[in-house]
Amino acid sequence: MPRQPVVALLYNDVPAEEEELEVPVDLSPEALGFTPYFDLDDVPAEEEYARIESALTEAGFKVASYNVKDRFERLFKFLARRKIDVIFNLVEFFHGRPELEMDVASFYELLDIPYTGATPLTLALAQNKPLAKSVLRSYDLPTPRSMTVRRKASVADSLSTFRSRHNLHYPLIVKPACEDGSGGIENESIVSSLKALRARVEYVLEEFRMDALVEEYIEGRELNVAVLGNGSVRRALPISEITFEDMPEEFYKIVSFQAKWAPLHEAYHRTIPSCPADLPKAKTQEAQDLALRATEALGTRDYARVDIRMNKSGEFYILEVNPNPNLSEGTGIARSAEAAGIAFQELLKTIVESALERSPKLREEE
Ligand SMILES: Nc1ncnc2c1ncn2[C@@H]1O[C@H](COP(=O)(O)OP(=O)(O)O)[C@@H](O)[C@H]1O
Ligand SMILES: [Mg+2]
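Read on for an overview of the structure. None of the values given here were measured: they were computed from a predicted structure. (Residues numbered from 1 in each chain as written. Chains lettered and ligands numbered in written order. Predicted model: local features only at pLDDT ≥ 70, side-chain atom pairs only at ≥ 80, totals over all residues.)

Turning to the overall build of the chain, a few remarks are in order. Counting secondary structure elements, the chain contains 13 helices and 13 strands. By the compact-globule yardstick of 21 Å for 366 residues, the chain fits well, its C-alpha radius of gyration being 21 Å. Expressed along its principal axes, the backbone C-alpha trace of the chain runs to roughly 65 × 50 × 50 Å. With 366 residues in all, the chain has 34% of them scored as buried. Considering only intrachain contacts with a sequence separation of at least 6, the fraction spanning at least 24 residues in the chain is 71%. (Helix = DSSP H or I, 4+ residues; strand = E, 2+ residues; numbered from the N terminus. Rg over C-alpha atoms; globule rule 2.2 N^0.38 Å. Buried ≥ 20, exposed ≤ 12 C-beta atoms within 10 Å, placed from the backbone. Contact = placed C-beta atoms within 7 Å.)

Below is the structure:
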């Protein structure tokens, strides 16, 4: 029997120094002001990693889990000392900085150990929304019309050079150029006047200390298309839709920061995934085809998720390409895989096997 491949499951989870005191709150629907749809507790990160570890073990791999805890020297020793066939890369930031995600992948490259997911270049591109959009445009892929307001030495400088006349059509959405996970995306991000636009741009430049991306707001349906595999076996999974049906009138139908992360906020319970999305076959294929082309343009590997909006006329706009998307069981790409009849452990196995194809041993044999 061939030797079981060894997978190093790497993640970087640094516990907060002081745990916040939990204030007991009344969680009844009367006190909340709405009826929750999801659980009000978050699953702790450690539990998510443990689930991935056991699913990988069940899939037949020998798994060595390792929490990097921001300590590069220890990581280096860990990787140098052990015989590792492939890294399952769940490290998304270092020293609290998401922009170092790409440097961690570079380190695996230099050690010549195959790893799951995207290369440093793709991670870098996808993290910068204006850059990623220009790559999409250069491949003739549709993305909302936009402009970028550069953050100068001072916000006042940026605003004075910010063209008050632009060719974009209101409503617009203002986003921090390099955030992720709906960082900086709130109801107030959507603006319908020059005054509100300037105020929100100023807020983003100041609070996030980065450029601001101003995009045309696409009213319509929100679709997530997961992509699995590389080259000739790259395929799109059944589409998942975020439905906003019972979103109260006062909130825009977007996946805001609160919708993603705040279980005590109503928006969290009014953004409900539905998979497979109820779309005509031709539209499904069109969106899947766009997702495949978008992931190829950005150069994702093994697994990815493309966020797309479809307006009332059925036109698609790519919002972003997510390399190494969230792998929690039962959500996101795992949900789409399930709809395609691919169980969680099978999904992880496919990702690992696709990364193992890049192992140096195979390269020598070529
Ligand atoms: N141009 C847009 N039109 C409509 N909604 C948008 C637009 N851009 C972003 N959104 C909303 O904001 C959410 C987060 O934006 P996205 O660009 O995907 O950034 P993130 O990296 O934070 O996920 C989207 O899921 C969508 O609901
Ligand atoms: Mg997104």
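Here we take up the site of ligand 1. Ser182, Glu215, Ile218, Ile254 and Val255 are the nearest of the 18 residues found near ligand 1. For the shell around ligand 1, the secondary structure elements donating two or more residues are strand E12 (303-310) and strand E13 (316-323). Composition of the shell around ligand 1 by domain shows at least three residues from each of domain 1 (6-129 + 219-365) and domain 2 (145-216). (Near = placed C-beta within 6 Å. Domains from an automatic or database assignment.)

Listed as buried for helix H6 (residues 129-138) are Lys129, Ala132, Lys133 and Leu136. Burial along H6 is one-sided: seen end-on, the buried residues are contained in an arc of 100°. Next to the buried residues of H6 lie helix H5 (120-127), strand E4 (146-149), strand E5 (172-176), strand E7 (212-216), helix H10 (281-298) and E13. Following H6 by one or two positions, Asp140 has its phi on the positive side, about 65°. (Arc of directions from axis to C-beta.)

Two measures define how a pair of helices packs: the angle their axes make with one another and the distance between the axes. Contact geometry for helix H4 (residues 101-111) and H5: axes closest at 8 Å, N-to-C directions at 170°. As far as their axial angle goes, H5 and H4 are roughly antiparallel. Taken together, the residues of H5 that come into contact with H4 (itself represented by Glu101, Met102, Ala105, Ser106 and Glu109) are Pro120, Leu123 and Ala124. Each residue belonging to the contact of H4 with H5 can be placed in one class, and the counts come to five nonpolar, one polar and two charged. (Axes fitted to C-alpha atoms, helices over the stretch in contact; angles between N-to-C directions. Parallel < 35°, antiparallel > 145°, perpendicular 65-115°, else oblique. Nonpolar A, V, L, I, M, F, W, Y, C, P; charged D, E, K, R; others polar.)

The buried fraction of E12 is high, at seven of eight residues. Taking the residues that link successive antiparallel strands as the turn, the E12-E13 hairpin has five residues, and the phi of Gly314 there is positive, at about 80°. (Pairing = 2+ DSSP bridges.)

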